[in-house]
Every structure is written in C-alpha cells, then in structure tokens.
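# Breakdown of the fold
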6 protein chains.
Amino acid sequence: MPIVQIHLIEGRTLEQKRKLVAEVTRAVVQSVDAPPEAVKVILSEMSRDNYANAGVLVIDKK
Amino acid sequence: MPIVQIHLIEGRTLEQKRKLVAEVTRAVVQSVDAPPEAVKVILSEMSRDNYANAGVLVIDKK
Amino acid sequence: MPIVQIHLIEGRTLEQKRKLVAEVTRAVVQSVDAPPEAVKVILSEMSRDNYANAGVLVIDKK
Amino acid sequence: MPIVQIHLIEGRTLEQKRKLVAEVTRAVVQSVDAPPEAVKVILSEMSRDNYANAGVLVIDKK
Amino acid sequence: MPIVQIHLIEGRTLEQKRKLVAEVTRAVVQSVDAPPEAVKVILSEMSRDNYANAGVLVIDKK
Amino acid sequence: MPIVQIHLIEGRTLEQKRKLVAEVTRAVVQSVDAPPEAVKVILSEMSRDNYANAGVLVIDKK
C-alpha cells in the first residue's frame, strides 16, 4: 500500500532510476513490513526552470 | 472544491482523456454532492521509466 | 496503475466515501481500460482552516 | 521546511516563473516566519489536455 | 487555475494561516496574471513525527 | 533536492517511522548521489476509511 512519490531534478540515467526504485522499495519493505508488490514508486522529474530553493530557480543558481 | 489528481502511464488518446475527466467528475458530483464546476481534475502522465511496481520500472517489465 | 488522489473538505460520511471510491474507480476502469484492482484511491481530507479559495480560508467564508 | 507545489497550465515565460517563485517564497517567509532557504517551490506544468474544470479539458474550452 | 499545495509543520495559528493563504494568492495573481478566484491553496500540515530532513524526523532533532 | 512523499496506512510506531525515513534517505543518497541534507521525506498517513483498492475502502476489506 505504501505509495512513494519522489520529486527530483531531471537528468538521471535509466540505470540510476533502476537503482533508485529498487533501493527505495527495499527500504520501505524492510521498515514497515509491506510486501514488495504493494510498493509503488512514482518519479516526478522537474526541469531546472521548475524548481526553486530560497526563491531562486535552479537554472539561475551560480 | 474536490481536487482530483490522477497519475497514469502516458499514452492515452485525447478521446480517452476526455472520457476520463468527464466520468470522474460525474462520479465525484454524484457521490459527494458537489457542483460540477467545483471539481478540478489534474492528469499527471508518467513515462514508463518513471513508475515502478515491486521495485521494477514499467519499462523493464516483461 | 492509475493512482487517484482526491482532496476534499472533511465531513463526508463513511457511506459517501464508500460511494465516492467505488464510483471513481468504476469511472477510471471504464475510461482507460485498467483492471479494477490496479486502481488506488487516496482521500485527503482538509479541515476548513486548511483550504482557501481566492485567498480566503473556507472557515472565513460567509 | 515549507514545501510549495504549484500546478499551473504550461506556457509561462522564464521571467514569469522567476517572479512567481520569488514572490511566493517571500509570501511564505513573511507569513510563517520561515527562513528563505527552507522554502522549496515545485512548479508542475500541465498541458491543456491534462487539466479539466467541470469535466471539460482546457483544450476543449471555448 | 493555479492550485497551490503547501506542506508545513503543524502549529501555525489561524491568523498565520489567514495571512499565508492571502499573501501566497496575491503572489500568484501578480506573477502569472491569474484572477484571484482561480487560485486554490491547500495547507497540508505535518506532525513532527511525519517529516524528516537528512533522514532524521523533526521530533528527533536537537 | 529529492523530495520524497510516502502515503501509507496509519498505525506505524515511532520506531518504524524512524527506520523508514533513515533507510529511504540512505537509498536515495546512494542511488542518485545527493547529499543527505538535501533529502526531505514527508509521511502522509491515511486512515482506513481514506484509502481504497479496487474501489473498496481498507476499512471494508475482509
């Protein structure tokens, strides 16, 4: 039942995404005793002009 | 006031999306007695390398 | 795979919630040809001091 | 710590996004007394076939 | 149309919430030229055992 | 920068939550090479009358 959504800046390789969803799923399974097939992971990629920290877009960070 | 967000794998036709938002809106209106114009629906499409079940990306499913 | 999240003001009865999740699930199944058991619905209830329209909280609406 | 997500129709200029994240961050900082660097803003752009009001997609609005 | 969701630690007063939704709505209206009545704001309060930074829950921060 | 939101049924102990956020943060750090302090985790607990699978609320599951 755990549904995980991860917002991250775009640009990860397919290999990094594979590892990310596998490792996060394992972490959830081990921590809350859920069966693996109940764990869903959504990756929400953000472009650099769609995420800001302290009021400044990533694209404008020096 | 009900705000509905639906995450689904990309690749639906425009006709399917039209039907989806119309039918979901009708379901909300009938169930919780909200006026149709208060119901907002967001479709969040995910590519096949951005959604995983049981730790495996859709793109890697056999 | 469709994951539906519905934000709505708190105060619905259990019977209304039952109808809401059943009807929304049916709407998704019919529109995008997903099996019922793939459809997840999250209800996110908001208290009247946690939702605003036009900059005014529901609790302050006349 | 405040994490802000804004869903909006795509098509804003970079200049509008810059202003949006700066002004929203300022509003949060002034209202809840958080330090600017704790405020994160995610912009989630929706295409006109992925958002509906009253059961009708934006792309179909007259 | 802009829909704003703000996750923040619980404990703000009603007066702070009033100011927060008013100021954020004003910031959105001024930045992307949306009418005020189109702006929705959802406040999602998190208890101190439901938010973590660097892998540590707020409740465990010293 | 990765922001993780986990929806799960309420009822986990504080110890389980501690482990969950620590392990998920570690998984993200190892997979996408982010510094730990950039990883935020939001736990969104759902009561059993606010989550449905296949159109049936958890509270009604036999």
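Use the structure listed above.
Residues numbered from 1 in each chain as written. Chains lettered and ligands numbered in written order. Predicted model: local features only at pLDDT ≥ 70, side-chain atom pairs only at ≥ 80, totals over all residues. Heavy atoms only, no water.

### Observations regarding the overall build of chain A
The cut-off we apply is this: Here a helix means four or more residues in a row that DSSP labels H or I, a strand means two or more in a row labelled E, and each is numbered from the N terminus. Within these notes, the globule rule equals 2.2 Å times the number of residues to the 0.38 power, and the radius of gyration is based on C-alpha atoms. Partly exposed describes any residue whose relative accessible area lies between the buried limit of under 20% and the exposed limit of over 50%, with all areas from a 1.4 Å probe on protein chains only and scaled to the type maximum. Throughout, a contact is declared for two residues whenever any of their heavy atoms are within 4.5 Å. To be clear on the numbers: accessible area is Shrake-Rupley with a 1.4 Å probe, and residue cover counts the displayed protein chains and nothing else. Just so you know, the count uses Lys and Arg for positive and Asp and Glu for negative, and it drops His and the chain ends. Taken as the charge centre is NZ of Lys, CZ of Arg, CG of Asp or CD of Glu, depending on the residue.
Counting secondary structure elements, chain A contains 1 helix and 4 strands. Written out in order from the N terminus, the α and β elements of chain A read β-α-β-β-β. The C-alpha atoms of chain A give 15 Å as radius of gyration, which overshoots the globular expectation for 62 residues (11 Å, by more than 25%). Reported as C-alpha extents along the three principal axes, the dimensions of chain A are approximately 40 × 25 × 15 Å. Expressed as a percentage of the 62 residues in chain A, the buried residues total 53%. Once local pairs closer than 6 in sequence are excluded, the contacts in chain A between residues at least 24 apart make up 62%. For chain A, the exposed surface amounts to about 2600 Å²; the carbon and sulfur share of it is 50%. Distance from the positive charge centre (9 side chains) to the negative charge centre (8 side chains) of chain A: 5 Å.

### Remarks on the interface of chain C and chain F
This is how it is decided: Joining two parts hides part of their accessible area as seen by a 1.4 Å probe, and the buried area is that hidden amount summed over both. Basic side-chain nitrogens of Lys or Arg form a salt bridge, by our definition, when they fall within 4 Å of a carboxyl oxygen of Asp or Glu. N or O atoms within 3.5 Å of each other form a polar contact, as long as, within protein, one can give a hydrogen and the other can take it, and as long as residues adjacent in sequence are counted only when both atoms are side-chain atoms.
Contact residues are listed per partner, giving 15 residues for chain C and 12 residues for chain F. Buried surface at the junction of chain C and chain F, both sides included, amounts to about 1100 Å², of which 52% is carbon and sulfur. Taken together, the links from chain C to chain F amount to 2 salt bridges. Where R18 of chain C meets D60 of chain F, a salt bridge forms, and the shortest distance between an N and an O atom there is 2.6 Å. Scanning the region where chain C abuts chain F turns up 9 residue pairs in polar contact (both at pLDDT 80 or more). Of all elements in the fold, only α1 (14–32) and β2 (40–46) of chain C reach the threshold of two or more residues within the side of chain C that touches chain F. Broken down by element, the side of chain C that touches chain F gets its largest block of residues, 6 residues, from α1 of chain C.

### A few points about helix α1 (residues 14–32) of chain E
Convention followed: To estimate the expected span of a helix, count its residues, drop one, and scale the result by 1.5 Å. Throughout, the arc means the angular range of directions from the helix axis out to the C-beta atoms.
Relative to the 27 Å expected for 19 residues at 1.5 Å per residue, α1 of chain E spans 27 Å between its end C-alpha atoms, a close match to the ideal helical length. Turning to α1 of chain E, its buried residues number three or more, namely K17, L20, V21, V24, T25, A27, V28, S31 and V32 of chain E. Summarising the axial view, the buried residues of α1 of chain E lie within an arc of 160°, below the 170-degree limit, and thus occupy one face. Looking at the buried positions of α1 of chain E, the neighbouring elements they touch are β3 (51–53) and β4 (56–57) of chain C, β1 (3–9) and α1 (14–32) of chain D together with β1 (3–9) and β2 (40–46) of chain E. Among the residues trailing α1 of chain E, D33 of chain E stands out with phi positive, at a value near 60°.

### Description of the pattern of salt bridges
Using the criterion set out here, one finds 30 salt bridges over all chains in the structure. In this structure, the salt-bridge partner of E23 of chain B is R26 of chain B, at a minimum N-O distance of 3.3 Å. Taken together, the residues span about one helical turn, with E23 of chain B and R26 of chain B both in helix α1 (residues 14–32) at a distance of 3 residues. Residue R18 of chain E is joined to E15 of chain E by a salt bridge in which the shortest nitrogen-to-oxygen separation is 3.1 Å. Of the two residues, R18 of chain E and E15 of chain E are both situated in helix α1; the distance of 3 residues between them amounts to about one turn of the helix. Here the residues in one salt-bridge network are E15 and R18 of chain A together with D60 of chain B, joined through shared partners.

### Quick word on the interface of chain A and chain F
Across the contact, 22 residues belong to chain A and 22 residues belong to chain F. Summed over both sides, the interface of chain A with chain F buries roughly 2100 Å², with 65% coming from carbon and sulfur. Summed over the three residues of chain A that lose the most area to chain F, namely M1, S31 and V32 of chain A, the buried surface amounts to 26% of that side. Between chain A and chain F we count 0 salt bridges in total.

### Points about the sheet that holds strand β1 (residues 3–9) of chain C
Going by this rule: Strands pair, by our definition, only if DSSP identifies at least two bridges between them. To get an axis, fit a line to the C-alpha atoms, keeping to the stretch in contact for a helix; angles then go from 0 to 180 degrees between the N-to-C directions.
Taking strand neighbours across the sheet as the criterion, the 8 strands line up as β4(D)-β3(D)-β2(B)-β1(B)-β1(C)-β2(C)-β3(F)-β4(F) in an open arrangement whose pairing is mixed. Sheet topology places β4 (56–57) of chain D together with β4 (56–57) of chain F at the edges, where each strand pairs with a single neighbour. Taken together, the 3 bridges between β2 of chain C and strand β3 (residues 51–53) of chain F define a ladder with antiparallel strand orientation. Within β3 of chain F, the position partnered with I42 of chain C by the bridge is Y51 of chain F. The sheet contacts of α1 of chain B involve β1 (3–9) and β2 (40–46) of chain B, β1 of chain C together with β3 (51–53) and β4 of chain D, and relative to β2 of chain B the element is tilted by about 140°. Where α1 of chain C meets the sheet, its contacts fall on β1 of chain B, β1 and β2 of chain C together with β3 and β4 of chain F, and the angle it forms with β2 of chain C comes to roughly 140°.

Purely spatial values, then, with no claim about function.
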